[in-house]
Amino acid sequence: TAVCYFKEDLNCWIAMKVGRSKASVVATAWHPTGQYLATGSMDGRCMVYDVSEDNMLPQPRPPWGEAQVSEDTGSWVNAVMFSPNGRYLAFLSQDATVRIKDLS
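In this text the structure is predicted, and so the values were computed from the model without any measurement.

S.K.: A description of unusual backbone geometry should follow, citing residues and the corresponding values.
M.R.: Geometrically, the link from Leu 57 to Pro 58 is a cis peptide bond, its omega value of 5° lying close to zero. Tracing the backbone shows Pro 58 in the loop between helix 1 (53-56) and strand 6 (67-72). Between Pro 62 and the following residue, Pro 63, the backbone shows a cis peptide bond with an omega angle of 10°. Tracing the backbone shows Pro 63 in the loop between helix 1 and strand 6. For Asn 11, which is not a glycine, the phi torsion comes out positive at approximately 55°. Within the secondary structure, Asn 11 sits in the loop between strand 1 (2-7) and strand 2 (12-17). The backbone of Ala 96 shows a phi angle near 70°, a positive value even though the residue is not glycine. Turning to its location among the elements, Ala 96 is positioned in the loop between strand 8 (88-93) and strand 9 (98-102).

As structure tokens, then:
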């Protein structure tokens, strides 16, 4: 998974790798504040990464790109979504189970 931004002085897009997956990422969702990115993958994991711009530029520094939440569902994660206020994370796995995690 990567997050991209436009670097004006180079006139190009820069991609920055976020986290590590053991399998293909098939679902993503942005937190309402834009500070976090949730991913769901075929290895059964739902992850939430810190991708705040404050920690990304000018050079990435911790906790940028690090997992803040890791959930193992036991089967593929087909969808992820934050609640409108960002307090909850919902994820749907291949076994038709919907899980909701309180992030407060």
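S.K.: Report on the pairing of strand 1, specifying residues and quantitative values.
M.R.: Direction of pairing for strand 1 relative to strand 2: antiparallel, over a ladder of six bridges. Across the sheet, residue Phe 6 finds its bridge partner in strand 2, namely Trp 13. Hairpin connection between strand 1 and strand 2: a loop of four residues separates the two successive antiparallel strands, and Asn 11 in this loop has a positive phi of roughly 55°.

S.K.: Lay out the confidence of the model for the chain with the relevant residues and their values.
M.R.: Of the residues in the chain, 100% reach a pLDDT of 70 or more, and the chain-wide mean stands at 92. Confidence scores differ between elements of the chain, with helix 1 showing the lowest mean pLDDT of 85 and strand 7 (residues 77-82) the highest of 97.

S.K.: I'd like a description of the state of the cysteines, backed by residues and values.
M.R.: Scanning the entire structure with this criterion turns up zero disulfides. Its sulfur unpaired, Cys 4 is 11 Å from the next cysteine sulfur, which belongs to Cys 12.

S.K.: Any details on the side chain of Asn 55? Residues and values, ideally.
M.R.: Secondary-structure assignment places Asn 55 in helix 1. Since its relative accessible area comes to 16%, Asn 55 is described here as buried. At 3.1 Å, the side chain of Asn 55 forms a polar contact with the side chain of Ser 52.

S.K.: Describe the sheet that holds strand 9, with residues and values.
M.R.: Strands belonging to one sheet form pairs held by backbone hydrogen bonds; the direction of such a pair is parallel or antiparallel. Strand order in the open sheet formed by three strands is 7-8-9, with antiparallel pairing between adjacent strands. Every interior strand has two partners, whereas the edge strands, strand 7 and strand 9, have only one. For this sheet, the mean inter-axis angle between neighbouring strands, taken without regard to orientation, is 20°. Relative to strand 9, strand 8 runs antiparallel, the two sharing five bridges.

Rules and cut-offs
- Residues numbered from 1 in each chain as written.
- Predicted model: local features only at pLDDT ≥ 70, side-chain atom pairs only at ≥ 80, totals over all residues.
- Heavy atoms only, no water.
- Helix = DSSP H or I, 4+ residues; strand = E, 2+ residues; numbered from the N terminus.
- Pairing = 2+ DSSP bridges.
- pLDDT = per-residue confidence, 0-100.
- Disulfide = S-S within 2.5 Å.
- Buried < 20%, exposed > 50% of the residue type's maximum accessible area, 1.4 Å probe, protein only.
- Polar contact = N/O pair within 3.5 Å; in protein donor to acceptor, adjacent residues only side chain to side chain.
- Axes fitted to C-alpha atoms, helices over the stretch in contact; angles between N-to-C directions.

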